[in-house]
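Descriptive structure summary
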Amino acid sequence: MSLEIQLAGIHPRSEKLIELTRSYERAKASWSQVEVQLEQETREVIKLQESLGFKHFSDGALGWQDQLRPVTRALQGVESGTRYSRWFDTNTFYQKPIIVGKISAGNIDPKNFLRADLLTKERDRKVTLPGPYTFSQLSENKHYKNYADLLFDIATAEREIIRRLKNEGVTLFQLSEPCLVYQPYRESFRDQSEVDLALGAIRSLVKDSPGDFVVQTYFGDAAPLLPALLNLPIFGVGIDLFETDISSFNEQEKTSKAFVLGVVDSRESFVEDANWIADTARKFSEKVDARQLVLASNSDLKFVPQGIANQKLEALSKASELLEGSG
Amino acid sequence: MSKLFPVQEIGSLAKPKWRTKGLRQQLSSQDLSEAEEWAAKLGIQDFHDRAKSILKTANEKERVKAILELSTLYGLRLFETSGVDNDGVGGEQQRVEMYEHVIKAVQGMNLLGHVHSFDNKYFNKGVAESKISRKHPIYVPEFLDVKKYAHRAVKVPITGPYTLVDWSFSGYYVQKQDASSAKTRKIEAKREFLLDIVEEIIRPEIRDLVDAGATWIQIDEPAVTTHPEPQEMELFVEAWNETVKGFNCKFSDHTCYPSEIGYKVLAEYAPKLDKCDQLALEFANRDTSRLGIDEDSREGYSDLKHFVDAGFSGEFGLGVAHVHDFTGNVSSGAGQSVGRDLIESPELVRDRLLFATKIIGDPAKIWANPDCGLRTRTWDVAFAKLANITKGAELAREAY
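Residues numbered from 1 in each chain as written. Chains lettered and ligands numbered in written order. Predicted model: local features only at pLDDT ≥ 70, side-chain atom pairs only at ≥ 80, totals over all residues.

1. Remarks on the overall build of chain A
Quick reminder of the rule: Numbering of helices and strands runs from the N terminus, with a helix taken as a DSSP run of H or I at least four residues long and a strand as a DSSP run of E at least two residues long. For this measure, only C-alpha atoms enter the radius of gyration; the expected value for a globule follows 2.2 Å times N^0.38, where N is the number of residues. With C-beta atoms placed from the backbone, the exposure class of a residue follows from how many other C-beta atoms lie within 10 Å of its own: 20 or more, buried; 12 or fewer, exposed; in between, partly exposed. Distance between backbone-placed C-beta atoms decides contact: two residues are in contact if it is within 7 Å.
When its secondary structure is counted, chain A shows nine helices and 15 strands. Relative to the 2.2 N^0.38 estimate, which gives 20 Å for 327 residues, the radius of gyration of chain A is 19 Å and therefore close to what a compact globule would have. Along the first, second and third principal axes, the C-alpha set of chain A runs to 50 × 50 × 35 Å. The burial tally for chain A puts 52% of its 327 residues in the buried class. Counting contacts in chain A only where the partners sit at least 6 residues apart, residues at least 24 apart contribute 74% of the total.

Encoded structure:
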């Protein structure tokens, strides 16, 4: 079984970049000053990944204003709207996409998704995108009468985004699907037919290159859905170990899938001990014989200040060394 | 309040440049030119004497005190001049912001750095590093300044205990738990942390405010609808009831920007909140920008029904003006989109109030207010919004 560490979403901005963006808001700094700092920090995030032994490189998505916006802006039939909604149970917000017409791929600028120009040396590139189910659930639908049509049109449009990003050298796509496991934001409980639809949309999205995809769940318990997730024709499945209890897995489950273990908590400042991370990964391996293990944060690290996020990545790297050292 | 649809502010105003700069360094007369301009608009009679004193003093502590007092006076007069019926605390000029201001006064907590909230907005997030206690009074010095200058009723907004805990890292409290599951450890830590914040920080603060003469305290709990699970809502109710226990004072809750079902869930638990005389809620953000008192035009106010159906019998503070950037379309007569701002017309405010009255039934239970504090808007925009809320409330009164 091979082992890797990866970023699992948006990395936090530094205090310097934060101050610059605030100055920009107050018209005391120009956007070009912000861009210079963004570029420098993106290089630093990439360098950090190099120093910690990453194999798939992300740009940290430091310029993303929320987890949905680049996709929202690349789609026709979707407006950004003016409404800010809470991002699950965090103290962060996103601009709610408003679906006002039939969804299709619009003007896709790969630069809005990835700073490929800064990743020139690296072979494998990773981008995190909202999965079609989560995107649809977090949007306001003012157009579609049939939810399945909406969901599958998002999947088709995202497939086009992915095709464009593959041209930019992206080899791994994380489809974040927290809505598959997080329930309290909605009134009616998700039934099996809705789960089937969601998984169907993911199948539709990944059909051209299933081996390039990981479906990441977080903020909820993935155990009840795990058999279905493992049936998806994808490279791997991600789970949040601060919500999912390893002991709930069947004994010695074997799978050809990779597992992304969300084993550092992006919503707590306490930096996990490398030994604890390694032990947790070992316990998981005793339960699940996976093709590959990826150690990562349970979701975007943007919920902690950058210094802490970097320490958490270092802890993952040390844990990885401990695991590799112990065979 | 005897008149229908009284207007209230919710809390913050932007900090004027001279206030922010003046806390860091000596000001020049040029720095105070903006203050001079506003002094005329707001009727600050003794501006020149105060300015002279600020410019003359070499003592930093005295300068900071004078600037905070002056900016508080400006905030109070802005509310008063725009027609608002309560004075608030002058736009929270003496606070860094709602979270950090409190955390800096808590022994055992440390601010770790900024995290992203949305767009280019962030907040400084703290962690509990040991058992907490209050270092010094948090809102009382500001309240004493406000009392000197307020002409009308004062409502003191304070940050609620649930929000303080929810926006912090539990640190010490989570590390001391011994449950085997990570999830259980987090839940147990949150309850212990929350009850400590109530007993050690918030109740002593309320006691001091009431002793100093406060009669209305608005408890800001934006985080409460973040976690609509029953276990979390029960925790919120427990903390609220513990917070207000034994105090003879009007209490109101302000909760904004809920999760999708946040208000529906809050509605279910609102009747369980002891001494909660008013819920001040955000609606304009989710509403259309066109006139009308039909359900489609006023889609943003549909959640009000949940509170009525659940039997909440107190007042409602109705958010009738948006407080964030606006990029949508505005229909004729509903307002004016200026740059990143929407200035709602009095007619749009009126229609929002009249639609809400159809749901709530009793117009005497409705206050008009912005969705939230106006700290993200310029003073010109804040003034224009509040003035139009006042005019809109007058138009709504004409219907009765």
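2. Examining the overall build of chain B
Along its length, chain B carries 14 helices and 10 strands. By the compact-globule yardstick of 21 Å for 400 residues, chain B fits well, its C-alpha radius of gyration being 21 Å. Projected onto its principal axes, the C-alpha positions of chain B cover 60 × 60 × 40 Å. Looking at the 400 residues of chain B, the share that counts as buried comes to 51%. Across chain B, contacts joining residues at least 24 apart in sequence account for 76% of those joining residues at least 6 apart.

3. Let's talk about helix H6 (residues 140-149) of chain B
Residues and elements named next belong to chain B. Put simply, the rule reads: Read the arc as the range of directions from the helix axis to the C-beta atoms.
What H6 keeps buried is the set Glu142, Phe143, Asp145 and Val146. The buried residues of H6 occupy an angular sector of 160° when projected down its axis, which confines them to one face. Buried positions along H6 lie against helix H4 (60-82), strand E3 (156-159) and helix H9 (182-211).

4. Structural notes on the interface of chain B and chain A
Counting residues at the interface gives 37 residues for chain B and 35 residues for chain A. Listed by contribution, the elements that provide at least two residues to the side of chain B that touches chain A are strand E1 (106-118), strand E2 (121-134), helix H8 (172-175) and H9 of chain B. Broken down by element, the side of chain B that touches chain A gets its largest block of residues, seven residues, from E1 of chain B.

5. A few points about the pairing of strand E10 (residues 366-370) of chain B
Residues and elements named next belong to chain B. Convention followed: For two strands to be treated as a pair, DSSP must find at least two bridges joining them.
Among the five residues that make up E10, five are buried, leaving the element largely enclosed by the rest of the structure. Residues Ile366, Ala368 and Pro370 point to one face of E10 and Trp367 and Asn369 to the other, with burial holding for every one of them. Of the strand pairs in this sheet, strand E7 (residues 315-321) and E10 are connected by five bridges, and their pairing is parallel. Considered in E10, the bridge of Gly319 is made with Asn369.

6. Considerations on the sheet that holds strand E8 (residues 140-141) of chain A
Residue and element names in this part refer to chain A. Quick reminder of the rule: Between the N-to-C directions of two axes lies an angle of 0 to 180 degrees, each axis being a line fitted to C-alpha atoms and, for a helix, fitted only over the stretch in contact.
Spatial ordering of the open sheet is given by E3-E6-E8, a layout of three strands whose pairing is mixed. Among the strands making up the open sheet, the edge pair consists of strand E3 (75-79) and E8. Bridging between E3 and strand E6 (residues 98-105) involves four bridges; their strand directions are antiparallel. Residue pairing in the sheet places Leu75 in a bridge with Ala105 of E6. In the packing of helix H5 (residues 147-167) onto the sheet, the strands contacted are E3, E6 and E8, and the crossing angle to E6 comes to about 45°.

7. Some words on the pairing of E3 of chain B
All names here are of chain B. Every second residue of E3 is oriented toward a common face, with Val156 and Ile158 on one face and Pro157 and Thr159 on the other, all of them buried. Sheet analysis places E3 next to strand E4 (residues 216-220), joined by four bridges and oriented parallel. Bridge pairing links Val156 to Ile217 in E4.

8. Some details on the confidence of the model for chain A
Interpreting fine coordinate detail is not advised for predicted regions of low pLDDT. This is how it is decided: The predictor reports its confidence for every residue as pLDDT, a score running from 0 up to 100.
Chain-level statistics for chain A give a pLDDT mean of 93 and a share of 98% at 70 or above. In the model of chain A, strand E12 (residues 253-254) of chain A stands out as the element of lowest mean pLDDT, 75, in contrast to strand E10 (residues 213-216) of chain A, which has the highest, 98.

9. Remarks on the packing of helix H1 (residues 15-25) of chain A against helix H2 (residues 31-51) of chain A
All names here are of chain A. This is how it is decided: Roughly parallel covers angles under 35 degrees, roughly antiparallel covers those over 145, roughly perpendicular covers 65 to 115, and oblique covers all other angles. Crossings are sorted by hand: turned counterclockwise from the far helix by less than a right angle, the near helix makes the crossing left-handed, and turned clockwise it makes it right-handed. Each residue gets one label: Ala, Val, Leu, Ile, Met, Phe, Trp, Tyr, Cys and Pro are nonpolar, Asp, Glu, Lys and Arg are charged, and the others, such as Gly, are polar.
Put simply, H1 and H2 touch, their axes get as near as 9 Å, and they point 165° apart. Regarding the angle of H1 to H2, the classification is roughly antiparallel. For the pair H1 and H2, the crossing hand works out as left-handed. The segment H1 lies against H2, with Lys16, Leu17, Leu20, Thr21 and Tyr24 engaging Trp31, Gln33, Val34, Gln37, Leu38 and Glu41. The class makeup of the residues in the contact of H1 with H2 is six nonpolar, three polar and two charged.

10. Considerations on unusual backbone geometry
Residue and element names in this part refer to chain A. For Ala61, which is not a glycine, the phi torsion comes out positive at approximately 50°. Position of Ala61 among the secondary structure elements: in the loop between strand E2 (56-57) and helix H3 (69-74). Since 21 C-beta atoms lie within 10 Å of it, Ala61 is described here as buried. Here Phe88, not a glycine, exhibits a phi torsion of approximately 50°, which is positive.

11. Regarding the packing of helix H1 (residues 17-24) of chain B against H4 of chain B
Relative placement of two packed helices is described by the angle separating their axes and the distance separating the axes. Residue and element names in this part refer to chain B. Between H1 and H4, the shortest axis-to-axis distance is 9 Å and the interhelical angle comes to 165°. In this view, H1 runs roughly antiparallel relative to H4, as classed from their interaxial angle. Considering only the axes of H1 and H4, their crossing is left-handed. Of the residues in H4, those touching H1 at Arg19, Gly22 and Leu23 are Arg63, Val64, Ile67 and Ser71. Partitioned by chemical class, the residues of the contact of H1 with H4 number three nonpolar, two polar and two charged.

12. Notes on the sheet that holds strand E7 (residues 124-130) of chain A
Sheets are built from strands that pair by backbone hydrogen bonding, the pairs being arranged parallel or antiparallel. Residue and element names in this part refer to chain A. Pairing is parallel across the open sheet formed by eight strands, whose spatial order is E1-E15-E13-E11-E10-E9-E7-E2. The open sheet has two edge strands, strand E1 (2-5) and E2, and neither has a second partner. In this sheet, strand E11 (residues 236-240) lies alongside E10 in parallel orientation, the contact comprising three bridges. Bridge assignment links Val215 to a residue of E11, and that residue is Val237.

13. Structural notes on the nonpolar core
The nonpolar side chains of a soluble globular protein tend to be buried, and buried together. Note the cut-off: Note on definitions: a nonpolar core is a set of buried residues drawn from Ala, Val, Leu, Ile, Met, Phe, Trp, Tyr and Cys, linked by C-beta atoms within 7 Å.
Counting 210 residues, the largest nonpolar core has Phe259, Leu261 and Leu295 of chain A together with Leu353 and Ala368 of chain B as its most contacted members. At nine residues, H9 of chain B tops the list of elements feeding residues into this core. If sequence neighbours within four positions are ignored, Leu295 of chain A has contacts with Ile5, Leu261, Val263, Ile277, Ala281, Leu316, Ala319 and Ser320 of chain A.

14. Observations concerning the environment of Gln218 of chain B
Residues and elements named next belong to chain B. Looking at the secondary structure, you find Gln218 in strand E4. With 16 residues separating them along the chain, Gln218 and Ile202 place their C-alpha atoms 12 Å apart. Excluding its chain neighbours within four sequence positions, the residues that come into contact with Gln218 are Lys155, Val156, Pro157, Ser252, His254 and Ala280.

15. Some words on H2 of chain A
All names here are of chain A. Stated precisely, the cut-off is as follows: One fewer than the residue count of a helix, multiplied by 1.5 Å, yields its expected span.
Taking 1.5 Å as the rise per residue, H2 with 21 residues should run 30 Å; its terminal C-alpha atoms sit 30 Å apart, in good agreement. Taken as a whole, H2 has its buried residues at Leu38, Glu41, Thr42, Val45, Ile46 and Gln49. Looking straight down H2, one finds its buried side chains confined to an arc of 145°; they lie on one side. In this structure, H2 carries Ser32, Val36, Lys47, Glu50 and Ser51 as exposed residues pointing more than 90 degrees from its buried face. Packed against the buried residues of H2 are H1 and E2. One or two residues past the end of H2 sits Gly53, with phi positive at roughly 85°.

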